[in-house]
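What the coordinates show
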Amino acid sequence: MAEADLRLRAWLAVPLVALAGCVDAIGWLRLHELFVSFMSGTSTMLGVALAEGRPVRAAELAVVVGLFTAGAVVAAGLGRLAGRWRAPVVLGLVAALLGCGWRLPPVGGAGLAPLAFAVVPAMGALNLALPGVGGITFVTGALTRFAEALMAAVAGAGRHEAWVTQLAAWAALVAGATLGAALDARLGGDALAVPAAAALAAAGVAAAAARRTRG
């Protein structure tokens, strides 16, 4: 993959990071402090639950990690089959899952809430929307890549654009999370309709771009 193409994909990932932040904030608030895209945090919480002897909580968190992974696996398979249509197909899947999550209740009986079974795999799938991008929701990695790229640029061994892109990804996550919290406060259970519509719009834009590259 050409360097210019990789740089373009890095910028295209920024609005998707904002989408992930928005959904993560809504999920955290709707699912009683449960991350839906930040699996590092979820895995840490799983370890704490195991250490504290809370098997029910540990099982719920393990299911969340499994759902995220399943969404990523399905998206990876669809992406391979779709070829140049990978982005619109995967983003369409994300939009469909978020749309389902919008209509599912955030609470249920015993165990994980129904909402999580749609929203968590959606975030796993989102990470596979753009080939050549090292994960949409992995902002910890973006901060470390920012530091590395900044020092490379200062030393004259890299482009300043590289660290600007990584910083933009972090800022996009914060902005998306802020929007998600505001949507939850204003719209309540309908908050997920906004990121679902945004994912659908992104799928449409990606489909138009894939159509233009035909041939």
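Thresholds, definitions, all that
Residues numbered from 1 in each chain as written. Predicted model: local features only at pLDDT ≥ 70, side-chain atom pairs only at ≥ 80, totals over all residues. Heavy atoms only, no water. Axes fitted to C-alpha atoms, helices over the stretch in contact; angles between N-to-C directions. Helix = DSSP H or I, 4+ residues; strand = E, 2+ residues; numbered from the N terminus. Left-handed = near helix turned anticlockwise from the far one by under 90°. Contact = heavy atoms within 4.5 Å. Nonpolar A, V, L, I, M, F, W, Y, C, P; charged D, E, K, R; others polar. Patch = residues over 30% accessible without salt bridge, like charges linked within 9 Å, V, L, I, M, F, W, Y side chains within 5 Å. Areas by Shrake-Rupley, 256 points an atom, 1.4 Å probe, with all protein chains shown as cover. Salt bridge = Lys/Arg side-chain N within 4 Å of Asp/Glu carboxyl O. Expected span 1.5 Å × (residues − 1).

**Topic: the packing of helix 3 (residues 55-82) against helix 4 (residues 86-103)**
Two elements in contact, helix 3 and helix 4, have axes whose closest approach is 8 Å; the angle formed by their N-to-C orientations is 145 degrees. For the pair helix 3 and helix 4, the crossing hand works out as right-handed. Side by side, helix 3 and helix 4 meet where Val74, Ala75, Leu78, Gly79 and Ala82 of the first sit next to Arg86, Val89, Val90 and Leu93 of the second. Taken together, the residues of the contact of helix 3 with helix 4 break down into 7 nonpolar, 1 polar and 1 charged.

**Section: a nonpolar patch on the surface**
Nonpolar side chains collect at one region of the surface, where Val74, Leu78, Leu81 and Val89 lie side by side and expose about 350 Å² of accessible area between them. With respect to the helices and strands, the residue Val89 is situated in helix 4.

**What about helix 2 (residues 39-51)?**
Counted at 1.5 Å a residue, the expected span for helix 2 with its 13 residues is 18 Å, and the 18 Å between its end C-alpha atoms agrees. For helix 2, the secondary structure elements touched by its buried residues are helix 3.

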